[in-house]
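# A closer look at the structure
As a plain string of letters, each chain reads:
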Amino acid sequence: MENYKHILLAVDFYEHSEAVANRANDLAIKYQAKLSIIHVVDSMPITDATYGADIPFNMDLTTELMAGAKTRLAKLAEKLYVPKDRLWLEMGSPKIEIIRVAKENKVDLIVVGSHGRHGLALILGSTANGVLHHANCDVLAVRLRDD
Ligand code: AMP
């Protein structure tokens, strides 16, 4: 098997996302691969809690969510030494956007967590499951436990 050249970390900023980020970073170092990071602001957000922002009732929710996500993405990128041109902040369906960005940027490995916000009760979260079934490249689901 050839070395991976371009790894895409899909991050939801949920509680276990640091473990997923660390695994993606370790793999990028091991394979001397480029590391990109994607976060998708769900077009139907349920809560803003993961972005750490208090949103006043009458504010433009979308703008605020994007701004909060941008800040968190920039912080993570700084920590992992990922340049700006390899950061993807998208809006829409996480599964669809992750697969699209991976395809358009010749990603050969996508790293996701086994679950996140949507999948606490499932073995594999809905986004992880969707990416695994529809991506054109390898997908690593980092096993996350809730204990
Ligand atoms: P879930 O489907 O919510 O259980 O999430 C499973 C995994 O998919 C997470 O651990 C992330 O790696 C990825 N993921 C979920 N939601 C997003 C999102 N909005 N943006 C980027 N990655 C996500």
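Owing to the predicted nature of the structure, the values given are computational and were not obtained by experimental measurement.

## Let's talk about the confidence of the model for the chain
Averaged over every residue, the pLDDT of the chain is 87; the share at 70 or more is 80%. Ranking the elements of the chain by mean pLDDT puts helix H4 (residues 126–134) last, at 92, and strand S1 (residues 6–10) first, at 98.

## Quick look at the pattern of salt bridges
Applying the stated criterion across every chain yields a total of four salt bridges. Put simply, lysine 79 and glutamate 18 hold a salt bridge, and the shortest N to O gap is 3.3 Å. Remark: glutamate 18 occurs in helix H1 (residues 17–31) and lysine 79 occurs in helix H2 (residues 61–80); sequence separation between them is 61 residues. As a salt-bridge pair, glutamate 90 and arginine 100 come within 3.2 Å of each other at their nearest N and O atoms. Placement of glutamate 90 in strand S3 (residues 87–92) and of arginine 100 in helix H3 (residues 94–104) is noted, with a sequence separation of 10 residues between them. Overall, the relative accessible area of 29% leaves arginine 100 in the partly exposed class. Three or more residues are tied together by salt bridges with common partners; here these are Glu90, Glu97, Arg100 and Glu104.

## Regarding the pairing of strand S2 (residues 34–42)
In terms of burial, S2 is a largely internal element, eight of the nine residues being buried. You can see the chain leave S1, run along H1 and come back into S2, and the turn it takes is right-handed. With six bridges connecting them, S2 and S3 associate as parallel partners. When the sheet's bridge partners are listed, histidine 39 is paired in S3 with leucine 89.

## Some details on H4
For H4, the full list of buried residues reads Ala128, Gly130 and Val131. Projected onto a plane normal to the axis of H4, the buried residues spread over an arc of 165 degrees and lie on a single side. Tucked inside the fold, the buried residues of H4 contact H3, strand S4 (109–113) and strand S5 (138–142).

## Structural notes on the packing of aromatic side chains
Under the counting rule described, the total for this entry stands at one aromatic pair. Directly above the ring of tyrosine 31 sits lysine 30, whose terminal nitrogen or CZ lies 5.6 Å from the centroid.

## Some points on the sheet that holds S1
In a beta sheet, neighbouring strands are held together by backbone hydrogen bonds and run either parallel or antiparallel to one another. Strand order in the open sheet made by the five strands is S3-S2-S1-S4-S5, with parallel pairing throughout. With one partner strand each, in any of the chains shown, S3 and S5 form the two edges of the open sheet. Neighbour-to-neighbour, the strand axes of this sheet turn through a mean angle of 25 degrees, independent of strand direction. Here S1 pairs with S4 via three bridges, running parallel. What sits directly across from isoleucine 7, in S4, is leucine 109. The sheet contacts of H3 involve S1, S2, S3 and S4, and relative to S2 the element is tilted by about 150 degrees.

Thresholds, definitions, all that
Residues numbered from 1 in each chain as written. Predicted model: local features only at pLDDT ≥ 70, side-chain atom pairs only at ≥ 80, totals over all residues. Heavy atoms only, no water. pLDDT = per-residue confidence, 0-100. Helix = DSSP H or I, 4+ residues; strand = E, 2+ residues; numbered from the N terminus. Salt bridge = Lys/Arg side-chain N within 4 Å of Asp/Glu carboxyl O. Buried < 20%, exposed > 50% of the residue type's maximum accessible area, 1.4 Å probe, protein only. Right-handed = clockwise from strand over helix to strand, strands pointing away. Pairing = 2+ DSSP bridges. Arc of directions from axis to C-beta. Contact = heavy atoms within 4.5 Å. Phe/Tyr/Trp six-rings, centres within 6.5 Å; stacked < 30°, edge-to-face > 60°. Lys NZ or Arg CZ within 6 Å of the ring centre and 35° of its normal. Axes fitted to C-alpha atoms, helices over the stretch in contact; angles between N-to-C directions.

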